[in-house]
Number of protein chains: 2
Amino acid sequence: MGRRIGIKDVAAAAGVSATTVSHILNEVEGKRINAETRQRVLETARELGYAPNGLARGLRLKRSNTIGFVSDQIATTPHAGRIILGAQEEAAKHGLLLLMLNTGGDPELERKEIDLLLQRQVDGVLYASMYHRVVEVPERLRSVPTVLLDARSDDPGVPSVVPDEVLGGETAVRELVRHGHRRIGFINNVDDIPATHGRLEGYRRALAEAGIAEDPRLVVAETTDAVGGYRAALRLLQAEPRPTALFCFADRLAMGVYRAAAELGLSIPADLSVIGFDNQELICDGLFPGLTTVALPHYEMGARAVAQLLALTGAQDHGTGSASQEMLPCPLVARASVASPPRL
Amino acid sequence: MGRRIGIKDVAAAAGVSATTVSHILNEVEGKRINAETRQRVLETARELGYAPNGLARGLRLKRSNTIGFVSDQIATTPHAGRIILGAQEEAAKHGLLLLMLNTGGDPELERKEIDLLLQRQVDGVLYASMYHRVVEVPERLRSVPTVLLDARSDDPGVPSVVPDEVLGGETAVRELVRHGHRRIGFINNVDDIPATHGRLEGYRRALAEAGIAEDPRLVVAETTDAVGGYRAALRLLQAEPRPTALFCFADRLAMGVYRAAAELGLSIPADLSVIGFDNQELICDGLFPGLTTVALPHYEMGARAVAQLLALTGAQDHGTGSASQEMLPCPLVARASVASPPRL
DNA sequence: ATGTCGTGCCCAATCGTTTTGGCAAGTGAG
DNA sequence: CTCACTTGCCAAAACGATTGGGCACGACAT
């Protein structure tokens, strides 16, 4: 079991000092190296398959080229994988690796785990939430550049990346308006979170923009699951005149809406158009007809968060400088559940 | 911005040498320390909030307390989060952190990323697949303890953790038999992967065990999505006599089965019992009635894989020794889609 | 011959730990 | 008083990289 080969091995093989090897491999400015020597060293390094020891380098440079990914539950929610993926790929582009860590929402555990991260000398931390919400940044993280992911802070000095809920709501409703709908119901969520308020606001803006008066009977709030969607749809579809389209706070609600529509003998999209939110492929593709929806930009959020972190660590000032609370648009994903309203 | 405090700071504050502090904090055997000194050092360490520098320690110990988690696409598939979670939590129990990395199935990228991991001196690698399959272990990983996760190798020397597909199939069909079903259809997958063969084998064993002759017309293979399930169900439910229960290779297929049943005027579970596989909560809870299914033990697989890795690194021999190809059972998750068959 | 300068390389210190092999002081026996 | 032994601690050498400050040598001018 041969020891991993180190810089000294290369130096010895090439007949120079470790210093010189380091200068060459790192292309240090202001150091004069004979072209021939450089060539020789580069070649021996390649032949020997030399790769620097990250720990040693990190120790010396006080940088680990590693960023911590702390999340409450993210690893367990379905679409969250794309956040991780986005972050990981963007990080990889810059030679960074992600140290994953799930707190399960337990503050005690969170404290311990963050300490573990800091011990590992992470260059920065992504503090991610499983759904868009407002959080406090743990005290421990003050000492290291931190970006909030799918979460934001009340302190405007803390950088964050979240979806633009308002614009997302607008996008959904505009799509319905575009197809000619004027009586549009909205099944909202009941929780007091940014998405609830934001999407409602977007719904209203899109209606206003189209010159449609809001009918309060067309907005209901329900628990965000299929049963909630079912109940809400039954209620909404009793209103007179009956709405020709429903905007669901979440795709899961739409599952219930489909069932309600089937029971009422309404065909989607001929009699009723439905649009969701989240773009959970399992649901959207599983329903028939396919559910048109608005996607949360998970991948992009992950990527942007890493980019922000990089900007932060680049700047000397941790915090006030280039920190920004970024909002990403939620794109429409058209499938087959939206059509023109039925002729009366 | 005060420098992080190191072991020397503690030593100075406590009036002893760094050596002594190290001995005390690491509870080194065979070193005699005065009880009073020990107390004093422990206290100053706590007061100062000392935490060892992981990089320095790793460099010295040649262990990074970090394990690499390499996956093809895992971060993007829905239930995969639980694999990560299981691995992460088990790792955390032993003070290990997970370095995440997604190859996207690109071998070139995979090679580069694995090199990155090795540079970081990971203590071991979890090589995970997004679905149970047979893989080759990349050459690069030969130099470090590796465990396959939701994948296995043809080389029996390579340890791995996978779900027990056969037993899972048996579990599903037994549950139907237990409720009195004797005509049980199976909608299988079309791909040539272990799950396809395993679950079919399980189906057969359960039938045999119950003394039911297999009717080839009751087994069909379809693409694993709602549309496939729909088509397959229409076909199966035409057989005479009509099956009273369907076992679906995947929950997604069940979505289509529900639709087909509704169209045929069959009520679930009164007229038709349905059982799925995967336990994708989004689907199982979203369907009405809730889908009884067999769960893939994602969390446990992640945890077991870490445990195996630990066993490997403990043993001196990388490979042949305690390496095992482990199969985990898939537990039944009962909801509301299975009942006794209708009286004829 | 002496001084000056550029070129090409290397020495040694450093990062923060762990660990080996001590050493000084105390204790008890002879 | 000397010797042997224990107790409690510490100095210094790793680990593998980076880097500031050289040093030796040859070329060229004076």
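In what follows, the structure referred to is the one given above.
My aim in this report is to walk through the structure given alongside it, one point at a time. The structure presented is a predicted model; accordingly, all values stated were derived computationally and were not measured.

Here is what the cut-offs are and how they apply
- Residues numbered from 1 in each chain as written.
- Chains lettered and ligands numbered in written order.
- Predicted model: local features only at pLDDT ≥ 70, side-chain atom pairs only at ≥ 80, totals over all residues.
- Heavy atoms only, no water.
- Near = heavy atom within 4 Å.
- Polar contact = N/O pair within 3.5 Å; in protein donor to acceptor, adjacent residues only side chain to side chain.
- Helix = DSSP H or I, 4+ residues; strand = E, 2+ residues; numbered from the N terminus.
- Nonpolar A, V, L, I, M, F, W, Y, C, P; charged D, E, K, R; others polar.
- Phe/Tyr/Trp six-rings, centres within 6.5 Å; stacked < 30°, edge-to-face > 60°.
- Buried < 20%, exposed > 50% of the residue type's maximum accessible area, 1.4 Å probe, protein only.
- Contact = heavy atoms within 4.5 Å.
- Buried area = accessible area lost by both parts, 1.4 Å probe.
- Salt bridge = Lys/Arg side-chain N within 4 Å of Asp/Glu carboxyl O.
- Pairing = 2+ DSSP bridges.
- Least-squares fit on C-alpha atoms with pLDDT ≥ 70 in both.

### Regarding the protein's contact with DNA strand C
Neighbouring DNA strand C are 29 residues, the closest being Ser17(A), Thr19(A), Thr37(A), Ile7(B) and Arg60(B). Atoms of DNA strand C within 4 Å of the protein belong to the sugar or the phosphate in 55% of instances, the rest to bases. Lys62(A) has a polar side-chain atom sitting 3.1 Å from a phosphate oxygen of DNA strand C. Those elements that provide at least two residues to the surface near DNA strand C are helix H2 (18-25) and helix H4 (54-61) of chain A together with helix H1 (7-14), helix H2 (18-25) and helix H4 (54-61) of chain B. Of the residues forming the surface near DNA strand C, the biggest block, four residues, is contributed by H4(B). Residue classes in the surface near DNA strand C are distributed as nine nonpolar, 13 polar and seven charged.

### Some words on the packing of aromatic side chains
One pass over the structure, following the stated rule, counts six aromatic pairs over all chains. When the ring of Phe247(B) is compared with that of Phe277(B), the centres are 6.3 Å apart and the planes differ by 40 degrees; the resulting orientation is tilted. With Phe247(B) in strand S8 (residues 245-248) and Phe277(B) in strand S9 (residues 273-278), the pair connects residues that are 30 residues apart, well separated along the chain. As far as burial versus exposure is concerned, Phe247(B) and Phe277(B) are alike and both buried. Three or more aromatic residues joined by ring pairs form one cluster here, namely Phe186(A), Tyr203(A), Phe247(A) and Phe277(A).

### Some details on the interface of chain A and chain B
Across the boundary between the two partners, chain A contributes 49 residues, which contact 49 residues of chain B. A combined buried area of about 4,400 Å² lies between chain A and chain B, and 66% of that area is made up of carbon and sulfur atoms. Remark: the boundary between chain A and chain B carries zero salt bridges. Counting residues per element, the ones that place at least two in the side of chain A that touches chain B are H4, helix H5 (80-93), strand S2 (97-102), helix H6 (107-119), helix H10 (251-263) and helix H11 (281-286) of chain A. Among the residues making up the side of chain A that touches chain B, the classes are represented as 26 nonpolar, 16 polar and seven charged. Relative to strand S2 (residues 97-102) of chain B, S2(A) runs antiparallel, the two sharing three bridges. Bridge pairing in S2(B) links Met100(A) to Leu98(B).

### Focus on the relation of the copies chain A and chain B
When chain A is fitted to chain B, the residual RMSD is 0.3 Å, and the transformation amounts to a turn of 180 degrees plus an axial shift of 0.1 Å. The superposition of one copy onto the other is thereby described by a two-fold rotation axis. A share of 100% of interface residues in chain A that are also interface residues in chain B marks the association as one of identical surfaces.

### So, the protein's contact with DNA strand D
If you check the shell around DNA strand D, you find 28 residues, and the closest are Ile7(A), Arg60(A), Ser17(B), Arg32(B) and Thr37(B). Within 4 Å of the protein, the contacting atoms of DNA strand D are 52% sugar and phosphate, with bases supplying the remainder. Between DNA strand D and the protein, one listed contact pairs a phosphate oxygen with a side-chain N or O atom of Asn26(A) at 3.0 Å. Between Thr19(B) and DNA strand D, the recorded distance is 2.9 Å, taken from a side-chain N or O atom to a base nitrogen. Every element with two or more residues in the surface near DNA strand D is listed here: H2 and H4 of chain A together with H2 and H4 of chain B. Per element, the largest residue contribution to the surface near DNA strand D is four residues, and it comes from H4(A).

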